[in-house]
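# Residue-level structural notes
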Amino acid sequence: MAKKILFLLIFITGAYEVHSNPNNIAPFAKVRASSELSADYNAYKVIDGIIGADGVGEWASKGNVDYWGKMSYPWIELAWNTPRWINKIILYDRPNESDHNAGVRIEGDHGFRLEVYNIPNDGSPRVIQFPSTQLSRLRFVTIDADGKNVGFSEIEVFSSPEGYSDYVSWVDPYIETIPGRFFYSITGNQPYGMIGAAPVTRNKNQGGGGYNYDGNYILGFSQLHCWMESGLDIMPVGGDINPCDGMMGWKSAYSHDDEIVQPAYHRLFLKTHRIWVEQTSTDRVSFYRYRFVKPGKAAVIVSLGGKLGNSVMRDCKIRKVSNSEIEGSFLSTDRLWGGPQNVRIYFIVRFDKPFVSMDGWDKQEIYKNTETQDSEDGGVKLNYIVQNGDLLQLKASVSFTSIGNARLNMDSECPSWDFNDVRDASRNEWNEWLGKIAVKGGTVSQRIKFYTDLWHVLLGRHKINDINGDYPDLTHGVRFTEGNRCQFKYNAVFKLKTIPKEKNGKLRFNMYNSDAFWLTMWNLNTLWGLAYPQVLDDFSASLIQYSENGGLLPRGPNLGGYSYIMSGCPATSLITSAFQRGICKKWDIAQGYAAMKRNHLPGGMMSFNEDDKMRFYIKNGYAPEQAGYTIQWSFEDWALSQMAEKLGKKKDALYFLRRSKGWDKLFNRDLKLILPKNEKGEWTSTNPFDGKGFVESDSWQATFGVSHDLSHLSALMGGNDSLCAKLDFAFCKAQNSNFFNQYVNYSNEPGLSSAHVFAFARQPWKTQYWVRQVGERSYGGITPDKGYGGCDEDQGQMGALSALMSMGLFSINGGSEINPSYEITSPVFDEVCIKLDTSYYHGKEFKIITHNNSSQNYYIQKAKLNGTDFNSFLLSNSEFTEGGVLELWLGDVPNMKWGINQNIK
């Protein structure tokens, strides 16, 4: 056993083999000890959550040192009523230099025995990891010590995967936090909540911004992390800090060793300031609990100036409401990708204990003991005098409409000061959402990755409306700067709008801030349609409301206005996919159709600021110099034609269907790839790798993305066998780079459907094979540097694709066809149970049960649907929504007869 434990410790301390702490089960144990110094040092204080406060919340033994210097070594024991699976223990010695518990022997059931030395004497964590073991008792026997009254400040014991009892436990927020974006990892966030609170370790946007695992310092805690949305930076500090020094002056070292990171909860220790920080949230309120373990001066800094992540804060206005509350606002400006230039954000910050005074600052000027503070680049510092072990709690809420609504959000959603109650409610909500898809089987890594995928799907994209339905309409304004096609900025005109309500007073839908919906038909639209139809409904309604406000369907709606990031009109494929599945409770079908039609014409979002290209496309079938536009516009035109046909709008249906067919004029018959042409019909480039004329892709990656017309693509390539041979060649060239190269690129949206194309060319076994390979190589990592291939995860898009691959379902056209269906591949799990939303679907659940599943068995041999033989790789949406059981039998060789008996148009 000792050798095995030593091996695991070496393995885990290697490069990035770390996992976030799931659940500390020590507080549920019965505790007894060999002795106790006094009532103030009783044994149960070793699990009370107070860590590193000298003389507070500690167990100390009633020790003795004899004439020879020999000590009486104590023991303490934790016991549970039932055995628990554990694999990690953290020991915190008392931060008392006179009494040092330097080494212990850990004893447990069934001969479990482990000796641990080098326990720090300053209260820092000593982490012990070992193979997962089921134990009902742990005794910690001191075997090396110095001093007299030896004990511990805290003992924490953590569950291993075998003991996880809920879905939240499987989520690992550390995954790929090294190359992530500012809004990528947000622990203080409910599903699509307005508040997105998290610590910041790198103050930058893309390329490792926000919470970056490799960041050595906590720079602050931003309450907003979303698409071009950041701000309200809060930082507790110890001592007398000069706020004019900024982040570099108040930053604090921290360690992952004592950090707990999970949905709805984040705990860490600010080493520099000697403060424990715990964080949770509701939809619109962040909630912090600070524990000070060093007496003296302390403060909470509220910074409202300077660059934070993806935008800049300036022009703050702050007022002290009382000695326990401040209110104010600041301008959010200089967003990287354009949109409304100046957006005012309002806030309330409230404490459970009064502060001594409030100081303000602006740049290098400090204003002592002020009641108000207006700063171009500054904020306020709320001053405290604390004792060792003191607790201070803080709540913060925001609004994009008014201070009154920020206060209403807080009073309505989080009136309590019971941190644990709010944390439990937040965790329960996350469990409810994550539990919409329950999986069994697979490896531990696959289950961790799957629920982390779902977390990212449900994390990205944030509400902007207050709890009463008020929201900012910033769709109108004067554009003053033009950068590239994405960087259009404008001075927005603020209009206060209110979301319509149902008869019972409930909001009909929510309004959102979001990164682009570019090509979400291959990820979010499909996953939402399966397990979260109410979300697909909500986003459809929100996008249509933006169009009603400002005339344009957004690509990436920004704080009630428009950003023009990416290309085309991606709202079309989202809204049509909702319509075709009957997900239309929150929006008017005629209104939605009219919005899409308007935006597919010159002056609409599809060709925003490039109407000349649109007019040429309408007349000639392709966008000049832009093969990427042509592929996307063609698909979106096809999606709209499908909705028009189902609505009986025959003229529109034929018009948009004709427009969707022109992409073939860009097919190069020599290279058998799509390439850009100019207005004269000449090739502008015949190099399929240079990316000219494509949007974040190249010819190889984009050609197979004509999802609405694959049969025609096949014919142009010389038939199904030729298409499959060419695509197979591309995958073989890409597999050594984990499918991130010029041929196949699963790090960005244009290539995310490639592996599923084989099935439509009558070779579904190749789809089964390559989907498994991509899922494992591109998305199988669960370390801080791997998980999504080091790519741009885009608020749940890569997470959704990864989850769909693991489930064995996909939709190459995103569900926009008249009779939507899902493509079946081989799941990595033995069972996938999707709980159907009965307010949208007839059935209660749909199960996929996989027999003979293994890492080598990825070929479907046969299938049954509700007990009847099923020989199609397509599962219709109507069959899915009725509920039922799909059974799959897998093997290690392809069955070339299964799944190819249907006609593919």
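The following refers to the structure shown. (Residues numbered from 1 in each chain as written. Predicted model: local features only at pLDDT ≥ 70, side-chain atom pairs only at ≥ 80, totals over all residues. Heavy atoms only, no water.)

## Describing the packing of helix 9 (residues 589-599) against helix 11 (residues 627-646)
Where helix 9 contacts helix 11, the axes come no closer than 11 Å and their chain directions differ by 145°. Seen along the crossing, helix 9 lies across helix 11 with a hand that is left-handed. Where helix 9 approaches helix 11, its residues Ile589, Tyr593, Met596 and Lys597 are matched on the opposing element by Leu640, Met643 and Ala644. Taken together, the residues of the contact of helix 9 with helix 11 break down into six nonpolar, no polar and one charged. (Axes fitted to C-alpha atoms, helices over the stretch in contact; angles between N-to-C directions. Helix = DSSP H or I, 4+ residues; strand = E, 2+ residues; numbered from the N terminus. Left-handed = near helix turned anticlockwise from the far one by under 90°. Contact = heavy atoms within 4.5 Å. Nonpolar A, V, L, I, M, F, W, Y, C, P; charged D, E, K, R; others polar.)

## Description of the sheet that holds strand 42 (residues 859-865)
The mixed open sheet is built from six strands, whose spatial order is 29-40-41-45-42-43. Here the strands that pair on one side only, and so sit at the sheet edges, are strand 29 (437-440) and strand 43 (868-869). With five bridges connecting them, strand 40 (residues 831-835) and strand 41 (residues 845-851) associate as antiparallel partners. Pairing of Val832 across the sheet is with Ile848, part of strand 41. (Pairing = 2+ DSSP bridges.)

## With respect to the packing of aromatic side chains
Going through the model one piece at a time under the given rule, you end up with 56 aromatic pairs. Between Trp528 and Phe539, the ring centres sit 4.9 Å apart and the planes meet at 5°, which makes this aromatic pair stacked. You can see Trp528 sitting in helix 6 (residues 524-531) and its partner Phe539 sitting in helix 7 (residues 533-550), a full 11 residues away along the chain. Both residues of the pair, Trp528 and Phe539, count as buried. Both rings, one in Tyr546 and one in Tyr562, keep their centres 6.3 Å apart while their planes meet at 50°; by these two values the pair is tilted. Taken as a pair, Tyr546 in helix 7 and Tyr562 in strand 35 (residues 561-563) lie far apart in primary sequence, 16 residues in all. The exposure class assigned to Tyr546 is buried, which follows from its relative accessible area of 0%. Among the aromatic residues, ring-to-ring pairing joins Phe731, Phe739, Tyr746, Phe758, Tyr769, Trp770, Tyr858 and Tyr859 into one connected group. Just above the ring of Trp889 sits the side chain of Lys862; from NZ or CZ to the centre is 4.7 Å. (Phe/Tyr/Trp six-rings, centres within 6.5 Å; stacked < 30°, edge-to-face > 60°. Buried < 20%, exposed > 50% of the residue type's maximum accessible area, 1.4 Å probe, protein only. Lys NZ or Arg CZ within 6 Å of the ring centre and 35° of its normal.)

## A few points about the nonpolar core
Within the largest apolar cluster, 221 residues are counted, with the highest numbers of intra-cluster contacts made by Leu232, Tyr290, Ile326, Ile437, Trp528, Phe731 and Tyr746. Among the elements that line this core, the one with the most residues is helix 11, at 10 residues. For Leu232, the residues in contact, after removing those within four places along its chain, are Phe221, Ser222, Gln223, Val302, Ser303, Leu304, Met313, Phe330, Phe347, Val349, Ala396 and Val398. Counting 29 residues, the second largest nonpolar core, distinct from the first, contains Ala33, Trp59, Ile76 and Ile89. (Core = buried A, V, L, I, M, F, W, Y, C linked by side-chain atoms within 4.5 Å.)

## A look at the sheet that holds strand 27 (residues 378-386)
In spatial order, the strands read 9-11-12-18-27-24-25; together these seven strands make up an open sheet with antiparallel pairing. Of all strands in the sheet, those with a lone pairing partner are strand 9 (198-200) and strand 25 (365-367), marking the two edges. Strand-to-strand twist across the sheet, computed as the mean angle between neighbouring axes with direction ignored, equals 25°.

## Considering unusual backbone geometry
Trans peptide bonds make up the majority, and among non-glycine residues the majority have a negative phi. A positive phi is found at Met228, a non-glycine position, where the angle reads about 50°. On the basis of relative accessible area, Met228 is assigned to the buried category, the value being 2%. One non-glycine residue with positive phi stands out, namely Phe739, at about 65°. For Phe739, the location among the structural elements is in the loop between helix 15 (720-734) and helix 16 (757-760).

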